[in-house]
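Residue-level structure breakdown
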Amino acid sequence: MRIAIVGTGGLAREVAALALAQVRADRGEVADPVVFVPQNPADPSPVGGIVTRPLKELEDDQALVVAVGDPALRRRIVETETTGRAFGTVVADTARRRGRSEIGEGAVLCDGVVITDEVRIGRHFLANPHACVMHDCTIGDFVTLAPGATVNGNVEIGDGAYVGAGAVIKQGAPGRPRRIGAGAVIGMGAVVTRDVAPGETVVGNPARPLER
């Protein structure tokens, strides 16, 4: 499949480079292996030398990948703007899946990502460079791991959660997983040693709820 990337920001440009290498490895040289789907269909300008195409002009073999870091915005785009389209997956050639894992449609695994054994990940997952998901984790839909985020074993992460750059989630225990609620935000560099409630933002080491 060729790849159509929804979004034209910095993350989308990074994903485009991964997608281009992936399509060429799978199919060789083909016309428009990667295109951008711009937020403004009236602007046909190329982005970083890659052509843009409105969603309605995509061909059947162009699978969508939504390259937007914010989980809520990614969900909104998928649920309101892409009806009837097939989704693809972009996996860097330096990403590693070791053991048994399942990942839903629309995922992006960037350079250096590691996913190990008995991991279950939902739809439209985004793992930025050098993020890690260790054994026996369950991750919901529309979850983002920022660069260098580490999710240790026996952790459950709810839909739409965001784990900041360099954050570490301490390992749970068999039968007593550490739980990160839906829509939670883990701040950059935070060290999470306790469960995090749905919608809660935590920061620091050890991580505590953000005071407003």
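Before reading further, recall that the structure is shown in the block above.
Residues numbered from 1 in each chain as written. Predicted model: local features only at pLDDT ≥ 70, side-chain atom pairs only at ≥ 80, totals over all residues. Heavy atoms only, no water.

Our focus in this paragraph is the overall build of the protein. Along its length, the protein carries two helices and 22 strands. Taken over C-alpha atoms, the radius of gyration comes to 17 Å for the protein, in line with the 17 Å a tight globule of 212 residues would show. Expressed along its principal axes, the backbone C-alpha trace of the protein runs to roughly 50 × 40 × 30 Å. When burial is assessed residue by residue, the protein has 48% of its 212 residues classed as buried. For the protein, restricting intrachain contacts to residue pairs at least 6 apart in sequence, the fraction spanning at least 24 positions comes to 25%. Carbon and sulfur atoms form 50% of the exposed surface of the protein, whose accessible area is close to 9,900 Å². Charge separation in the protein, taken as the distance between the mean sites of 23 positive and 25 negative side-chain charges, equals 5 Å. (Helix = DSSP H or I, 4+ residues; strand = E, 2+ residues; numbered from the N terminus. Rg over C-alpha atoms; globule rule 2.2 N^0.38 Å. Buried < 20%, exposed > 50% of the residue type's maximum accessible area, 1.4 Å probe, protein only. Contact = heavy atoms within 4.5 Å. Areas by Shrake-Rupley, 256 points an atom, 1.4 Å probe, with all protein chains shown as cover. Lys, Arg positive; Asp, Glu negative; His and termini not counted. Charge placed at Lys NZ, Arg CZ, Asp CG, Glu CD.)

Strand order in the open sheet formed by eight strands is β4-β7-β10-β13-β16-β19-β21-β22, with mixed pairing between adjacent strands. The open sheet has two free edges, formed respectively by β4 (90-91) and β22 (208-209), since each of these has just one partner strand. (Pairing = 2+ DSSP bridges.)

This part is about helix α2 (residues 71-81). Looking at α2, one finds that the buried residues are Pro 71, Arg 74, Ile 77 and Val 78. One side of α2 carries all its buried residues, which in axial view fall inside an arc of 130°. Turned more than 90 degrees away from the buried face of α2, the exposed residues are Ala 72 and Thr 80. (Arc of directions from axis to C-beta.)

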